[in-house]
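# A look at the structure
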Amino acid sequence: MISGQFDAAIPMLCVTLAGLVVLLAEAFRGRGEKMPIGGLAIIGLVGAGIASYFLWDSGAEDSFGVVSADRFGLFVNLVLVVIGLLTVVFSAETVERDRLPAGEYYAIMLFAIAGMMLMGQATDLLVIFLALETMSICVYILTGIRRDQQQSTEAAFKYFLLGAFASAFFLYGIAFIYGVAHTTSIDAISTEIAKQSMSDNPMIFLGIGMLIIGFAFKIAAVPFHMWTPDAYEGAPSVVTGFMSTGVKAAAVAAFVRVFLKGLDPMVADWAPILWWVAALTMIVGTVVGVAQTSLKRMLAYSSIAHGGYILAGLVAGNDVGKAAILFYLAAYALTNLGAFGIISLLGSRERANDDLRDYAGLWHSHPALAMLMTFFLLSLGGFPPTAGFIAKWYVFSAVVGPGATVSPVADGLTQSSYYWLAIIGVLSSVVSVFFYLRIVVMMYMTERDARPAPPRISPIAMAGLVIAMIGVLY
């Protein structure tokens, strides 16, 4: 067992040190030396995964009491490690093809993962904010890393401006919560709120509302989702996959910790708000996604809808809901990374190949990729026996199961409200099947036109896709 006052920070330290080593390796590579930069990133991520494994039963905290190595945070760490490893595997061809600065790319990605891990393990609002900004700045840079493409630069600029507004709301929310509870520790906030009667204190409601805005922006929940399609379409496809999974996992982890632990005594006030946010997110993400012809924009709206499913587990507020959220994050990470990995591998420097017509007849030109893409799309649509089906079933079971409403009257939500949320989720999931199956039909039942044949896929990238598929089916 690892011992020491900084045990809880070891996983993120491994990733941070790997990022610094990658920057150093880039300096030597500039002098003509051959450096395995991607391999160095993998070593750091594997080290973080091993550290998280050994910390599983430790319950360690850092000496300042602001980072906890509980099982919730460590599970999120392991999900982020998988996201990082698959992203590195899929990035090799993109970095070479688009002539991206390899050292900067991998280092910034590792620093983003370190921020994501800190978000999942932080037990203090200010530390969560610092982690949020660390992650966000890195993701802004990755979105616009293709500086010679106007679409990429525009997407990064929009993402940065809207992200700055969301961060301001989040920070103001922390300030209001601190003004009421006189602390930023999540555990202490819960204790203070439970001791005091705050039902008539407007500051606590302002604080909760602003925290919801900050978190909702990061997980692309309606009505704070407008940045998502542009950012996803403008970023390199592999970065889009990284954004859609890593950012969502980190933000959801912090969201759950703050609201189900720190603000749990106020559940009667914030649960009805999140009910509406979850319902609108599922509906808007599904309905607008049907009208898309760009595969990346379609998957962007799919990501919005999946954020709504995750929020449904948060609204349930029970132990099954928490477990369902974690399982959903893992299943969604494998599925979405696999789908965006294929989009990235099929693209070229001149053409992204992210339009629906680009996948016409893929079964005839590249049957292995068509089969893998089919599995990932079926998982996103929630078809059995994929992980996507189990994840949705798990979330909806948490919403309608026992314990979803401890006190229906106090919660401001009746039992029928939870059933309606589950019904909205099921119906939106059924509608989403249309745009997933539309791609499958395009791959198998449509003749390919005169476009160039897809490029050859490297064995390492193909192995990454196969591993993702195994995880989806397992």
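Residues numbered from 1 in each chain as written. Predicted model: local features only at pLDDT ≥ 70, side-chain atom pairs only at ≥ 80, totals over all residues. Heavy atoms only, no water.

### What about helix α7 (residues 186-195)?
Considered for burial, the residues of α7 that qualify are Ile186, Ile189, Ser190, Glu192 and Ile193. Buried residues of α7 fall within an arc of 165° about the axis and therefore sit on the same side. Relative to its buried face, α7 has exposed residues pointing more than 90 degrees away, namely Ala194 and Lys195. The inward-facing, buried residues of α7 contact α5 (125-143), α6 (150-181), α8 (202-218) and α10 (237-262). (Buried < 20%, exposed > 50% of the residue type's maximum accessible area, 1.4 Å probe, protein only. Helix = DSSP H or I, 4+ residues; strand = E, 2+ residues; numbered from the N terminus. Arc of directions from axis to C-beta. Contact = heavy atoms within 4.5 Å.)

### A few points about the pattern of salt bridges
Here the structure, examined in full by the defined rule, presents six salt bridges. Residues Asp70 and Arg257 are paired through a salt bridge, measuring 2.9 Å at the closest nitrogen-oxygen approach. Of this pair, Asp70 sits in the loop between α2 (37-54) and α3 (71-97) while Arg257 sits in helix α10, placing them 187 residues apart in sequence. In this structure Asp70 comes out as partly exposed when scored by relative accessible area, which is 21%. Among the ionic pairs, Asp187 bridges to Lys261, the shortest N-O distance being 3.5 Å. Separated by 74 residues along the polypeptide, Asp187 in helix α7 and Lys261 in helix α10 bring together distant segments of the chain. Residue class for Lys261 comes out partly exposed when judged on its relative accessible area of 37%. (Salt bridge = Lys/Arg side-chain N within 4 Å of Asp/Glu carboxyl O.)

### Examining the environment of Ala254
Summarising the element assignment, Ala254 is placed in helix α10. Sequence-wise, Ala254 and Phe215 are 39 residues apart; in three dimensions their C-alpha atoms are separated by 8.3 Å. Setting aside residues up to four positions removed in sequence, Ala254 forms contacts with Met119, Ile128 and Phe215.

### With respect to the packing of aromatic side chains
Applying the stated rule across the entire model yields 21 aromatic pairs. Judged by centre distance (6.3 Å) and plane angle (75°), the ring pair of Phe215 and Phe259 falls under edge-to-face. You can see Phe215 sitting in helix α8 and its partner Phe259 sitting in helix α10, a full 44 residues away along the chain. Exposure class is identical for Phe215 and Phe259. Each is buried. Joined through ring pairs, the aromatic side chains of Tyr140, Tyr159, Phe160, Phe217, Trp227, Tyr232 and Phe340 make up one cluster. (Phe/Tyr/Trp six-rings, centres within 6.5 Å; stacked < 30°, edge-to-face > 60°.)

### Topic: the nonpolar core
One finds Tyr106, Phe259, Leu263 and Trp270 to be the most contacted residues of the largest nonpolar core, which totals 170 residues. Excluding residues within four positions of it along the chain, Tyr106 makes contact with Val22, Ile37, Gly38, Ala41, Val88, Ser91, Ala92 and Val95. (Core = buried A, V, L, I, M, F, W, Y, C linked by side-chain atoms within 4.5 Å.)

### What to know about the state of the cysteines
As used in these notes, a disulfide is a covalent bond between sulfur atoms, one from each of two cysteines. Counting across every chain of the model gives zero disulfides. For the unlinked cysteine Cys14, the closest cysteine sulfur is that of Cys138, found at 18 Å. According to the relative accessible area criterion, Cys14 is partly exposed, its value standing at 24%. (Disulfide = S-S within 2.5 Å.)

### Topic: the confidence of the model for the chain
For the chain, mean pLDDT is 84; residues scoring 70 or higher make up 90% of the total. Looking over the chain, one finds the lowest element-wise mean pLDDT in helix α17 (residues 408-411), namely 40, and the highest in α5, namely 93. Taken together, the stretch residues 405-411 has pLDDT below 50 and engages in 14 contacts with residues farther than four places along the chain or on a different chain. (pLDDT = per-residue confidence, 0-100.)

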